[in-house]
Structure formats: C-alpha cells, structure tokens
Amino acid sequence: MLVAAAVCPCPPLLVPGVAAGAAPELDAARAACTDALGVLAAARPGRLVVVGPVESAGSETYPEGTRGSFRGFGVDLDVRLGPDEGTPAERPLPYALAVAAWLLERTRWSGAPVEGLGVGDRLASERCAGIGRGLAAGADERVALLVMGDASACRTLKAPGYLDERAAPFDAEVARALGTADVAALTALDPGLAGELRASGRAPWQVLAGAAEGADLGGSLLYEDAPYGVGYIVATWS
C-alpha cells in the first residue's frame, strides 16, 4: 500500500559541490526537497523505493547499500543508497538515483530500508503503471516512493534542448498533476512528446501513478521553476 510519495528533480546541480559557484541558485529547490523528504519520514513507511530515470528500454534494481559517485562531474564525492551497507549491486547508481542518495544522506534518512529502481526512458506508459502497481501491492506493507525526474529541458533558448513552445504548457500540466495527485493525468502523459521535450521524469511519474491507484492520496506542490531552461518540480503525496 502506498502511504506517501515525494517528487524531486534529479539534476546533479542539486549537489552544491557540482554546482560550485552557482549553488545558491538552487537553494530554494534543495529546501523544497528537504521538506518533501520530511513528509516521507512522517508517513513512517516500512519500505522506501527510490524511482529514477535510466537510459534503457527496461528497468534496473539497486539494493540498499549501492554506491554512486559524482566524480564524473569533477567532484570527489561518493554516496550510498540508504544507511545500511547491504549487498550493493555490481553496477553503480545512475545519476538520478545518486542525487536521491545524496538527498537522503543530507536529510539523515534513518527510517525504512531503501531500495532503488531505475526505469527506462523508453518504457511504455502502461508498463510504467504496471511496475508502480507491483511496488504498492500488498495491503500489509506501508510503501513510500521518492520519485526523481525533471520536466522539459526546452524552456529557453539556452536550455539543453533549445526553446520549444510546447515545453511551458507541458510543464504546467505536469506541475498541476503532481500538485493535485492527478493519477489519470500522469498516466495520460504522451511518451513521444515527453521524449521530444527531454522530460526525464515521465516514466518515473507514471510509475508513481500506477502505485497510487486507489490510494486516495492528496498532493501538494512545493516548488516549480525552470532554472537553466529545465523544469524542476517538487511535490508530495500523502
């Protein structure tokens, strides 16, 4: 049973060491993420699943204790998924889950056991929803999700995907859906359009939608902005 969810953006720039001199520009986003993780902790879940995008046609699991690194961004910083050493996967955390691990370490997560799930950016909507239903199956287990992903990367001329006039309306609808826990709207997101707009959060959001079916959760939008031309959204469901 899904009892709570937090939705956060996943740019490595959230990590101050990666952002360097530009770090203060995302202080508000970091603060919102901290608040969102507080909602997860307050729900007292029995299991926390971190869901993030990966460049794949399938899905990948990462047990508690799996390590990640930001060395690829020139920063001597390693992270670990969850407080327990566990039995980590042989492969390192993808960047989205590494950002989540950093957020969890930053907020000193010490609640439920943590596991990671990477969902492919080419997964069909129904398959994403099916994965979510599987995560939330079982009335006796209290499950929380930390859902990582960015909205469009096409909001300005200097954005990674250049300016696309469809980006702002797309992001506005996603922010509304995440802020109101609108499961149907998230399920209906077009994977093709999301791909063209480089919205990495599409598949993770649709996993959340599947997990939340029948959970009767309410949503709250904590942050929405597009620094660097990329849509960043923070929301909670509880």
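None of these values were measured; they are calculated from a predicted model.

Q: I tried to follow the side chain of T66 on my own but got confused; where do I start?
A: Relative to the helices and strands, T66 is located in the loop between β3 (59-62) and β4 (67-69). What makes T66 buried here is its relative accessible area of 0%. A distance of 2.7 Å separates the side chain of T66 from the backbone oxygen of P63, its partner in a polar contact.

Q: I'm lost on unusual backbone geometry in this one. Help?
A: Peptide bonds are trans in most cases, and residues, glycine excluded, mostly fall at negative phi. Of note, R44 is a non-glycine position whose phi angle comes to about 50°, a positive value. Topologically, R44 is positioned in the loop between α2 (27-42) and β2 (47-54). The residue D216 is not glycine, and still its phi comes out positive at about 55°. With respect to the helices and strands, D216 occurs in the loop between α8 (202-211) and β8 (219-225).

Q: Would you take a moment to explain the packing of α2 against helix α3 (residues 95-106) for this structure?
A: Between two packed helices, both the angle of their axes relative to each other and the distance between the axes serve to describe the pair. It is at 10 Å that the axes of α2 and α3 come closest, and there the two elements cross at 75°. As judged from the angle between their axes, α2 and α3 are roughly perpendicular. Residue-level inspection shows R30, C33, T34 and L37 of α2 in contact with α3, the latter providing W102, L103, L104 and R106. For the contact of α2 with α3, the class distribution of residues is five nonpolar, one polar and two charged.

Q: Even after reading the chapter, I still don't get the nonpolar core, so can you show me in this structure?
A: Generally speaking, a soluble globular protein has its nonpolar side chains buried in company with each other. The biggest cluster of nonpolar side chains holds 44 residues, and the ones touching the most others in it are C8, V50, F70, L104, L146 and M148. Of all the secondary structure elements, the ones that give two or more residues to this core are β1 (2-8), α2, β2, α3, β7 (143-148) and β9 (232-237). With nine residues, α3 is the largest single contributor of residues to this core. Contact partners of F70, with chain neighbours within four places excluded, come to P12, V15, V18, V75, L77, V79, A98, V99 and W102. V147, V174, L189 and L208 belong to the second largest nonpolar core, which has 42 residues in total.

Q: Looking at this model, I keep getting lost on the state of the cysteines. Mind explaining?
A: The bond known as a disulfide is covalent and runs between the sulfur atoms of two cysteines. Taken as a whole, this structure holds zero disulfides when the rule is applied. Not part of a disulfide, C8 finds its nearest cysteine sulfur in C33, a span of 3.5 Å. Overall, C8 belongs to the buried group, its relative accessible area being 0%.

The rules we used
- Residues numbered from 1 in each chain as written.
- Predicted model: local features only at pLDDT ≥ 70, side-chain atom pairs only at ≥ 80, totals over all residues.
- Heavy atoms only, no water.
- Helix = DSSP H or I, 4+ residues; strand = E, 2+ residues; numbered from the N terminus.
- Buried < 20%, exposed > 50% of the residue type's maximum accessible area, 1.4 Å probe, protein only.
- Polar contact = N/O pair within 3.5 Å; in protein donor to acceptor, adjacent residues only side chain to side chain.
- Axes fitted to C-alpha atoms, helices over the stretch in contact; angles between N-to-C directions.
- Parallel < 35°, antiparallel > 145°, perpendicular 65-115°, else oblique.
- Contact = heavy atoms within 4.5 Å.
- Nonpolar A, V, L, I, M, F, W, Y, C, P; charged D, E, K, R; others polar.
- Core = buried A, V, L, I, M, F, W, Y, C linked by side-chain atoms within 4.5 Å.
- Disulfide = S-S within 2.5 Å.

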